[in-house]
Amino acid sequence: MKEYVMGNGAIALGSLKAGVGLVAGYPGTPSSEIIETVAKYPHAGVHLEWSVNEKAALEVAAAAAYSGVRAMVTMKQVGLNVASDPLMSLAYVGVKGGMVIVSADDPGPISSQTEQDTRRFADFARIPVFDPASPEEAYEMIQDAFACSEKYATPVLFRPTTRVCHAYASVEVPESFTARAGDGFVRDSKRWVIFPRLSYINHGRIEERNVQIGKDFSAYARNTVEGTAAEKAIVTSGVSYAYVKEHGAEEQCRLIRIATAFPFPEDFARKALDGVKEVLCIEELSPYIEEQLLKLAGRYHLDIRISGKLDGTVPHNGEMSAELAGRLTDAFTGGIALPECIDTADAPALPARPPVLCAGCPHRASFYAVKQAMKGRRAFFCGDIGCYTLGNAMPLDMVDTCLCMGAGITMAQGLYHVDPDAVCFAFVGDSTFFASGMTGVVNAVYNEADMILCVLDNSTTAMTGHQPHPGTGRNMMGNIVDKVDIAKVLEGIGVKRVVTADPLDLQASVSLIRELAEEKGVKAVIFKSPCIAISRPDSKCAVDSSKCIGCQKCIREIGCPALTMIGGKAVIDADLCTGCGLCAQICPVGAIGGKKDE
Amino acid sequence: MNKDILICGVGGQGTVLASKIIAAAAMEEGNAVHSAETIGMAQRGGSVTSHVRIGEGAYSPLIPHGSAELLLAFEPAEAVRNLSYLCPGGTAVVNTSVVAPAGSASYDGEPMRAYLEKKCRCIFVDSEEVCRPFGSVRFFNIIITGIAAGAGVLGISRETLTEQIRRRVKPKFVEENLKAFAAGYEIGSGASRQV
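Residues numbered from 1 in each chain as written. Chains lettered and ligands numbered in written order. Predicted model: local features only at pLDDT ≥ 70, side-chain atom pairs only at ≥ 80, totals over all residues. Heavy atoms only, no water.

**Examining empty space enclosed by the protein**
Residue and element names in this part refer to chain A. One pass over the full model with this rule turns up 6 cavities of 30 Å³ or more. Reported here for the largest cavity is a volume of approximately 120 Å³. Taken together, 17 residues make up the lining of the largest cavity; nearest its centre are Gly360, Cys560, Cys577, Cys580 and Cys583. Residues of the lining of the largest cavity, tallied by class, amount to 12 nonpolar, 4 polar and 1 charged. Looking at the second largest cavity, its volume works out to about 80 Å³. Around the second largest cavity, the lining is made up of 13 residues, and of these Cys548, Cys551, Cys554, Ala570 and Cys587 lie nearest the centre. Partitioning the lining of the second largest cavity into residue classes produces 10 nonpolar, 2 polar and 1 charged. (1 Å grid on protein atoms, 1.4 Å probe; cavity = no way out; pocket = protein on both sides within 12 Å on 5 of 7 lines; lining within 4 Å. Points joined across faces, edges and corners; volume = space filled by probe spheres on them. Nonpolar A, V, L, I, M, F, W, Y, C, P; charged D, E, K, R; others polar.)

Okay, here's the thing in C-alpha cells:
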C-alpha cells in the first residue's frame with residue numbers, strides 16, 4: 001500500500017519492514033515522529049518505548065541487539081551527546097542483531113543548541129553512517145543500514161537532517177510487518193564484557209573491518225555519479241544533493257553524491273573524480289566530505305583544486321537551500337539558471353515573530369510569580385530545554401542561562417557557590433527532570449547548595465509534541481502504568497522542603513516563593529498545571545471595556561498572545577484565551593473578569 | 001501537472017490542515033506530491049510555512065524562490081515575508097486581517113496590502129468577515145482553500161477537495177467545514193470574474 005508520510009515516518013516504516021523488534025528513543029526535534037509512527041502502524045512483537053533519556057534508550061537497545069533482535073534507537077543530534085558514553089563503548093563490543101542509531105541533525109539550527117554533525121560522530125566512534133537525501137531514500141536506506149550492521153556486527157549510525165525528517169513523500173509499504181525474533185542472549189563474557197584487553201583486540205579488528213566496509217560502500221548503489229565527463233565536479237551529500245539536483249547541476253558539471261560518509265568509499269571517490277580538476281563540496285554542517293577529499297588528494301597526489309567550507313566558498317553555519325546551492329553551482333560552473341524572482345528589496349518593514357509561550361500556558365504564570373516574588377532581590381534564573389526556554393522572551397525575561405538538558409539545576413548551584421547572597425533558581429520541565437534533572441538535585445543536596453528548584457509540571461513533553469513520560473502514567477506500549485511521583489522522588493533524594501503549588505493562583509505562588517527564599521538548603525516547588533494543548537478549559541476571560549483604563553499593564557507584564565489593544569482598550573482574543581485568569585489577577589482596576597461562559 | 005504552492009501564516013492558524021488537504025487531493029488526482037511543514041519551536045506563535053510541490057522532478061523539499069505559482073497567505077505581513085517564493089505572474093490569496101506579534105502592539109496591514117498589489121496578482125479576503133457566519137476564524141484554512149479552488153488557481157477539482165475534507169476533518173466538524181469550503185469557493189469564483 002502507498003503511504004504519504006513524513007521522512008521520520010518513512011524511517012519508522014523502513015525499520016518495521018526490516019523486522020525491527022525493539023525501538024527506543026527520547027523525543028527531540030527533528031526526530032520525534034519516528035517512534036510515534038511506529039506506534040501508529042501495526043507493530044505486533046515490537047517493544048516500543050520513550051526511554052527517560054538517550055543513554056537509557058541506547059543501552060536498552062544494545063542488550064536487545066546482543067540477543068539477536070534488530071533494534072533501533074532514535075534521538076536528535078544533541079541526544080547523541082547524552083548517548084555517547086554507551087555508544088563509544090558499544091562500538092568496541094559490537095552487536096549481534098542489527099542495531100541502527102538514528103541521530104537527526106538540525107542544520108540552521110532550527111530547534112537545537114548546536115550545529116553538530118553526526119557524520120563526525122561516526123568517524124569518532126569508528127562506525128558506519130548512512131546519510132539519506134529524501135524520505136523515499138530514507139525508507140530504503142534504513143533497511144540497508146540494518147543489513148550492514150548485522151553483516152559487520154557493529155552498531156550503525158543513520159543521519160537524516162531536518163528537511164528530510166520533516167518532508168512528506170509517498171512510500172510503498174507492505175500491508176503488515178513481522179518483527180524478527182532473536183535467538184536469545186547467549187552468555188559469553190569474552191564477547192559482551194568490555195575490558196581493556198578486549199578493547200585492544202577489537203580496536204585493531206575494527207580498523208581492519210572499516211577498510212572492508214569502505215570497499216562495500218564503494219559498490220553501494222546510493223553513492224552516485226551523474227553528468228558527463230567534465231573537469232569540474234560537485235561533491236555533495238544528504239539533502240544538499242536534493243538542492244543541487246533541483247538546480248540541475250548534473251547538466252553543468254559532474255555530480256557526485258556520497259551517501260556513506262564513513263568509512264569513506266575511497267575507491268568510489270577516486271574513480272568518480274577521474275579526470276576532474278576542480279571540485280566544489282556542497283554539504284551541510286561540517287566540511288566532512290571536503291576533508292576526506294583533501295586527504296584523498298594528498299594520499300594519491302591528485303592534481304585537484306578542492307573548494308567548499310574550508311576555503312570560504314560555502315558558509316560553515318546555517319542550512320543549505322535550493323537558492324544557495326544554485327548560486328554556488330552557477331558561480332562554480334559559470335552557468336546562470338536560477339529562476340527569476342519578484343524583487344522584494346523594497347518590502348515594507350515586517351513585524352518580527354519570535355516564538356512565544358502559548359496563551360494560557362501555565363509556565364507564564366510560574367515565571368511571573370517568581371519574578372514578582374523576587375522584585376528588588378538579587379536573584380538568578382537558570383533555565384533548561386523545553387517550551388519553558390521561551391520564558392526568556394520579553395516581557396517575562398526569566399531565563400538567565402540555558403545550556404543543555406538538565407543543566408539549569410546544576411548551574412544554579414554553581415552560581416550559588418560563587419555568589420551566596422543571590423537567590424538561585426532552576427526551572428526544569430517534568431520530562432527534562434526525569435531525563436537528566438534528578439542527579440543534579442542529589443548533587444545540590446550533597447554539596448550543600450542553597451537553591452530553589454521550580455519543576456514546571458505540565459504533565460507532558462510539550463515542545464516535541466506531547467509525548468508521555470514516567471510522570472504521566474502512560475507508556476508507548478499503550479499501557480497505564482504507575483506514575484513516578486516527582487514530589488516523592490525529590491523527598492526520596494533528600495530534599496526536605498517540597499511544595500506543590502498551582503501557578504495560576506498568583507498571590508499564593510508569590511507568597512510561597514518569598515517564603516522559600518528565606519529558607520536555607522534545597523527547596524523545591526512543583527508548579528503543577530496541565531499544558532493547555534492537552535486540556536482545554538471550557539471558560540474564557542473577557543475585558544469589561546467600560547472598566548478598562550487602557551494602562552496596558554496586562555500586556556506589558558505577561559506578554560500573553562491572546563491580549564491586544566484595540567481603540568485604547570485591552571481586548572482578549574476569544575479564539576486563543578484558555579481562561580487561565582492570570583491577566584485578571586494583574587489588572588489594577590478589575591476590568592478583566594470573570595470567566596466568560598460561552 | 002507541475003505546481004508549487006506555498007502556504008504561510010502564523011503558528012496556530014491552521015495552515016497545516018490546508019496543506020494536508022491540498023496535498024491529498026492532488027495525489028488523489030494522480031500526481032506525485034511532496035510537501036514540508038514548519039515543526040518545532042517556530043510553531044509557537046512564529047511564522048510558519050507549508051510547501052506543497054505537485055509533480056515529478058521536485059527534488060528540494062522546500063520550494064525554491066521564484067517557483068511557486070500560488071501563495072496562500074493567512075496573514076498580510078507573512079504574505080510579504082514569503083513573496084519571493086512566488087514566480088513572476090503568480091497569484092497570491094491574502095488574508096487582510098492582521099495578527100499582531102505576541103506581546104507587542106498591532107501593526108497597520110494597509111501598507112502590506114498596497115505593496116502586494118503592486119507586486120503580483122492578488123485576491124484579498126478578510127478572515128474576520130468571511131468567518132463570521134461560522135463563529136470562529138478556525139474555519140479560515142478551509143475557506144482560503146475554497147477561494148483558491150473557486151478562483152481556478154489551485155488546479156484541483158472541487159469534488160476531489162470536498163472528498164478530502166470529508167476524509168480528513170473530524171466527523172462532527174465535516175458539515176460545517178464543507179459549508180465553509182463552499183463559501184470560499186463562491187468568493188473565489190467571484191474574484192476570478194473580477195480579475
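**Focus: the pattern of salt bridges**
Where side chains of opposite charge bring their charged atoms close, a pairing between them can arise. Residues and elements named next belong to chain A. Applying the stated criterion across every chain yields a total of 37 salt bridges over all chains. Between Glu319 and Arg163 there is a salt bridge, with its nearest N and O atoms 2.7 Å apart. Of this pair, Glu319 sits in the loop between β13 (305-307) and α14 (322-333) while Arg163 sits in helix α8 (residues 162-165), placing them 156 residues apart in sequence. A relative accessible area of 26% means that Glu319 is categorised as partly exposed. (Salt bridge = Lys/Arg side-chain N within 4 Å of Asp/Glu carboxyl O. Helix = DSSP H or I, 4+ residues; strand = E, 2+ residues; numbered from the N terminus. Buried < 20%, exposed > 50% of the residue type's maximum accessible area, 1.4 Å probe, protein only.)

**Points about the state of the cysteines**
Taken as a whole and judged by the stated rule, the model has 0 disulfides over all chains. A:Cys361 supplies the cysteine sulfur nearest to A:Cys358, a cysteine that is in no disulfide, at a spacing of 6.2 Å. (Disulfide = S-S within 2.5 Å.)

**A few points about the packing of helix α16 (residues 407-418) of chain A against helix α17 (residues 430-446) of chain A**
How two helices pack is summed up by the angle between their axes together with the distance between the axes. Residues and elements named next belong to chain A. At their nearest, the axes of α16 and α17 sit 8 Å apart, and the two run at 20 degrees to each other. The angle between α16 and α17 places the two elements in the roughly parallel class. Taken as a pair, α16 and α17 cross one another with a handedness that is left-handed. Counting all contacts with α16, which are made through Ile409, Thr410 and Gln413, the residues of α17 involved are Gly437, Gly440, Val441, Asn443 and Ala444. Of the residues belonging to the contact of α16 with α17, the class tally is 3 nonpolar, 5 polar and no charged. (Axes fitted to C-alpha atoms, helices over the stretch in contact; angles between N-to-C directions. Parallel < 35°, antiparallel > 145°, perpendicular 65-115°, else oblique. Left-handed = near helix turned anticlockwise from the far one by under 90°. Contact = heavy atoms within 4.5 Å.)

**Re the interface of chain B and chain A**
Counting from both sides, the interface comprises 52 residues of chain B and, opposite them, 46 residues of chain A. For the pair chain B and chain A, the interface holds 4 salt bridges. Two residues, A:Arg353 and B:Glu78, come together in a salt bridge whose shortest N-O distance is 2.6 Å. Looking at the side of chain B that touches chain A, the element that brings in the most residues is strand β2 (residues 33-37) of chain B, giving 5 residues.

**Things to note about unusual backbone geometry**
Most of the time, phi is negative for any residue but glycine, and the peptide bond is trans. All names here are of chain A. Geometrically, the link from Phe262 to Pro263 is a cis peptide bond, its omega value of -10 degrees lying close to zero. Across the junction of Met394 and Pro395, the peptide omega takes the value 5 degrees, indicating a cis bond. Position of Pro395 among the secondary structure elements: in the loop between β14 (379-382) and α16. With a phi close to 70 degrees, Leu285 is a non-glycine residue in the positive phi region. Leu285 gets classed as buried once you look at its relative accessible area, which sits at 5%. Of note in this structure, Gln552 is not a glycine but carries a positive phi near 65 degrees. Note that Gln552 resides in the loop between β19 (539-543) and α20 (553-558). Exposure remark for Gln552: the relative accessible area of 37% places this residue in the partly exposed category.

**Focus on the sheet that holds β14(A)**
Residues and elements named next belong to chain A. Sheet architecture is open: 5 strands sit in the order β14-β15-β16-β18-β17, paired in parallel fashion. Each end of this open sheet is capped by a strand with a single partner; those strands are β14 and β17 (497-501). Strand-to-strand twist across the sheet, computed as the mean angle between neighbouring axes with direction ignored, equals 20 degrees. Packing of helix α15 (residues 362-373) onto the sheet brings it into contact with β14, β15 (423-429), β16 (451-457) and β18 (522-528), and relative to β16 it is tilted by some 160 degrees. Against the sheet, α16 contacts β14, β15 and β16, and its axis sits at roughly 175 degrees relative to β15. (Pairing = 2+ DSSP bridges.)

**Some points on the confidence of the model for chain B**
For chain B, per-residue confidence averages 92 on the pLDDT scale, and 95% of positions sit at 70 or higher. Two summary scores accompany this predicted model of the complex, namely pTM at 0.95 and ipTM at 0.93. (pLDDT = per-residue confidence, 0-100.)

**Focus on the pairing of strand β3 (residues 47-50) of chain A**
All names here are of chain A. Side-chain alternation along β3 places Leu48 and Trp50 on a buried face and His47 and Glu49 on a face that remains uncovered. Across 4 bridges, the pairing between strand β2 (residues 22-25) and β3 is parallel. By the bridge assignment for β3, Leu22 is matched with His47. With helix α2 (residues 33-40) bridging β2 and the parallel β3, this β-α-β connection has right-handed handedness. (Right-handed = clockwise from strand over helix to strand, strands pointing away.)

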